[in-house]
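Coordinates in review
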Amino acid sequence: MNETIFVTGAAGFIGFHLCIELLKKNLRIVALDNINSYYDINLKKDRLEEIKLCEKNTKGSFFFIKGDLEDKPLINKIFAEYKPKIVIHLAAQAGVRYSLKNPEAYIQSNIVGFINILEGCREYKLEHLLYASSSSVYGGNTKTPFSETDSVEHPVSLYAATKRSNELIAHSYSHLFNIPSTGMRFFTVYGPWGRPDMAPMLFTKAISKGKPIKIFNNGQMSRDFTYVGDIVEAIFKLIKIPPKVSKEFNRSNPDRSKSWAAHRILNIGNSCPINLMEFINIIEKELRIEAIKSFEPMQPGDVEKTYADTIELEKLINYHPKTKLEEGIKKFIKWYQEYYAEY
């Protein structure tokens with residue numbers, strides 16, 4: 001691939017790891033992030049420094065632009081100047097619980113910002129748009145594992161609703177303007193350089209400092225924890241396989257994951273849900289510290305279980321996650337202890 005790849009959310013968790021991988025493949029990246037204060041901006045800045053260090057040891061190139069998705073003139077300028085052929089849209093206002101406090105941030109970033117990206121894709125001949133969706137779109141569904149063909153019309157958080165909206169809007173743009181688009185439903189991504197508001201960081205920090213951890217729904221929860229390296233490998237493989245118009249699509253019995261347009265939806269998960277108490281136990285063993293546990297009721301917007309059906313992804317790219325949870329947590333805690341030893 002000699003084309004420029006436009007990555008949004010480059011200073012974010014997944015975006016950071018993806019940019020490192022793309023540079024190792026000697027690729028040309030133009031990257032966008034607004035470095036907002038939703039969580040520690042120093043962590044985001046340090047991720048960018050790591051990317052720049054990686055760039056020096058590769059034949060790839062990394063051009064960083066600080067700015068907002070909502071800044072339409074800026075987005076237009078990036079498309080006009082760099083003419084990317086691949087767009088990997090990972091930037092978004094993240095977090096389920098935060099959406100209860102600041103809903104406007106989700107509309108601006110996840111809806112208005114996404115429209116601006118799609119408008120940029122519309123103006124230029126694009127080979128492939130890959131955009132981040134989320135397992136949260138499955139909402140209150142109880143049938144597991146979650147399949148791309150399942151109904152996702154009952155989101156239980158605004159965050160989930162914006163991600164589902166992205167899928168619908170992307171489909172309409174694919175249909176109207178022939179933009180090959182892949183929506184990626186990520187399942188509970190974790191690993192080194194992770195977000196401070198996510199369970200691995202929250203638990204590890206509290207346990208290390210001898211503080212109580214909050215365990216919601218009295219521990220009766222499970223998550224399909226997926227290591228960030230497996231997520232990035234899947235994204236990279238998907239770049240080369242844009243969806244095509246399906247002549248076999250049956251409109252009288254539609255497959256929710258596919259379309260007559262060049263658009264598809266894919267789960268990217270580990271297909272191995274882990275009970276929350278087991279997850280905590282793995283962290284305790286790695287830290288060699290027993291957690292002080294505070295059991296709490298279910299929080300608004302939360303779901304009891306996530307579990308990915310990844311058969312479609314397996315068919316497409318021979319996807320098989322390589323990282324066991326114990327190994328992934330070991331890598332995460334090693335990074336955590338090294339990184340935060342400096343603070």
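Everything below is about the structure shown above.
Fair warning: this is a prediction, and the values are worked out from it, not measured in the lab.

**As for the overall build of the protein chain**
Secondary structure summary: the protein chain contains 11 helices and 13 strands in total. Taking 343 residues into account, the globule formula puts the C-alpha radius of gyration at 20 Å, and the protein chain, at 19 Å, falls close to it. In terms of principal-axis extent, the alpha carbons of the protein chain reach across some 55 × 50 × 40 Å. Taking all 343 residues of the protein chain together, 54% fall into the buried category. Long-range pairs, those at least 24 residues apart, make up 82% of the contacts in the protein chain with a sequence separation of at least 6. Of the roughly 15,800 Å² of accessible surface on the protein chain, 50% is carried by carbon and sulfur atoms. One way to put it: in the protein chain the 46 positive side-chain charges average out to a point 2 Å from where the 40 negative ones average out.

**Observations concerning the side chain of Arg-264**
Take Arg-264: it is sitting in strand 11 (residues 263–268). Here the side chain of Arg-264 touches Thr-182 through a polar contact of 3.1 Å, side chain to side chain.

**Some points on the packing of aromatic side chains**
All told, the structure shown has 27 aromatic pairs when counted by the stated rule. What links up through ring pairs into an aromatic cluster is the set Phe-16, Trp-193, Phe-332, Trp-335, Tyr-336, Tyr-339 and Tyr-340. If you follow Lys-44 out to its NZ or CZ, it ends over the ring of Tyr-39, 4.4 Å from the centre. Here the guanidinium or amino end of Arg-251 rests over the ring plane of Trp-260, the centre of that ring lying 3.9 Å away.

**Section: the pattern of salt bridges**
Scanning the entire structure with this criterion turns up 18 salt bridges. Linking Lys-258 and Glu-312 is a salt bridge whose minimum nitrogen-to-oxygen distance equals 3.2 Å. In this pair, Lys-258 is assigned in the loop between helix 8 (228–239) and strand 11 and Glu-312 in helix 10 (residues 311–317), connecting sequence segments 54 residues apart. Residue classification places Glu-312 among the partly exposed residues on the basis of a relative accessible area of 24%. Overlapping salt bridges bring together Glu-153, Arg-164, Glu-167 and Arg-185 as one network.

**Description of the sheet that holds strand 3 (residues 61–66)**
Read across the sheet, 7 strands follow the order 3-2-1-4-5-6-11 without closing on themselves; strand pairing throughout is parallel. Looking at the sheet topology across the chains shown, the edges are occupied by strand 3 and strand 11. Adjacent strand axes in the sheet meet at a mean angle of 20 degrees, parallel and antiparallel pairs treated alike. Two strands pair when backbone bridges link them, and strand 4 (residues 86–89) and strand 5 (residues 128–134) are joined in this way by 4 bridges, in the parallel orientation. Its bridge partner lying in strand 5, Ile-86 is registered against His-128.

**Structural notes on the packing of helix 1 (residues 13–24) against helix 2 (residues 41–56)**
Contact geometry of helix 1 with helix 2 gives a least axis separation of 9 Å together with a crossing angle of 5 degrees. In this view, helix 1 runs roughly parallel relative to helix 2, as classed from their interaxial angle. Residues Phe-13, Phe-16, Cys-19, Ile-20, Leu-23 and Lys-24 of helix 1 form the contact with helix 2, whose own contacting residues are Arg-47, Glu-50, Ile-51, Cys-54 and Glu-55. When its residues are assigned to classes, the contact of helix 1 with helix 2 shows 7 nonpolar, no polar and 4 charged.

**What about the environment of Tyr-98?**
Within the secondary structure, Tyr-98 is located in helix 4 (residues 98–101). Looking at Tyr-98, the relative accessible area reads 28%, which means it is partly exposed. When the C-alpha atoms of Tyr-98 and Tyr-38 are compared, they prove to be 9.1 Å apart, with 60 residues separating the residues in sequence. Not counting residues within four places of it along the chain, the set of residues in contact with Tyr-98 comprises Tyr-38, Gln-93 and Tyr-106.

**Thoughts on the state of the cysteines**
For the structure shown, the criterion picks out 0 disulfides. In this structure Cys-121 is not part of a disulfide, and its nearest cysteine sulfur, from Cys-19, lies 16 Å away. You can call Cys-121 buried: its relative accessible area is 2%.

**Here we look at unusual backbone geometry**
The omega torsion across Thr-144 and Pro-145 is -5 degrees, close enough to zero to call that bond cis. Following the sequence through the fold, Pro-145 ends up in the loop between strand 5 and helix 6 (158–177). Look at Thr-188: it is not a glycine, yet its phi comes out positive at around 35 degrees. Tracing the chain through its elements places Thr-188 in the loop between strand 6 (181–186) and strand 7 (189–190).

**Remarks on the packing of helix 1 against helix 8**
Two numbers describe how helix 1 lies on helix 8: the axes approach to 10 Å, and their chain directions differ by 60 degrees. Comparing their axes, helix 8 and helix 1 come out oblique. Crossing handedness for the pair helix 1 and helix 8: right-handed. Residues Phe-13, Ile-14, His-17, Leu-18, Glu-21 and Leu-22 of helix 1 pack against Val-228, Ile-231, Val-232, Ile-235, Phe-236 and Ile-239 of helix 8.

Rules used throughout
- Residues numbered from 1 in each chain as written.
- Predicted model: local features only at pLDDT ≥ 70, side-chain atom pairs only at ≥ 80, totals over all residues.
- Heavy atoms only, no water.
- Helix = DSSP H or I, 4+ residues; strand = E, 2+ residues; numbered from the N terminus.
- Rg over C-alpha atoms; globule rule 2.2 N^0.38 Å.
- Buried < 20%, exposed > 50% of the residue type's maximum accessible area, 1.4 Å probe, protein only.
- Contact = heavy atoms within 4.5 Å.
- Areas by Shrake-Rupley, 256 points an atom, 1.4 Å probe, with all protein chains shown as cover.
- Lys, Arg positive; Asp, Glu negative; His and termini not counted.
- Charge placed at Lys NZ, Arg CZ, Asp CG, Glu CD.
- Polar contact = N/O pair within 3.5 Å; in protein donor to acceptor, adjacent residues only side chain to side chain.
- Phe/Tyr/Trp six-rings, centres within 6.5 Å; stacked < 30°, edge-to-face > 60°.
- Lys NZ or Arg CZ within 6 Å of the ring centre and 35° of its normal.
- Salt bridge = Lys/Arg side-chain N within 4 Å of Asp/Glu carboxyl O.
- Pairing = 2+ DSSP bridges.
- Axes fitted to C-alpha atoms, helices over the stretch in contact; angles between N-to-C directions.
- Parallel < 35°, antiparallel > 145°, perpendicular 65-115°, else oblique.
- Nonpolar A, V, L, I, M, F, W, Y, C, P; charged D, E, K, R; others polar.
- Disulfide = S-S within 2.5 Å.
- Left-handed = near helix turned anticlockwise from the far one by under 90°.

Take it as geometry only, folks, not as evidence of what the structure does.
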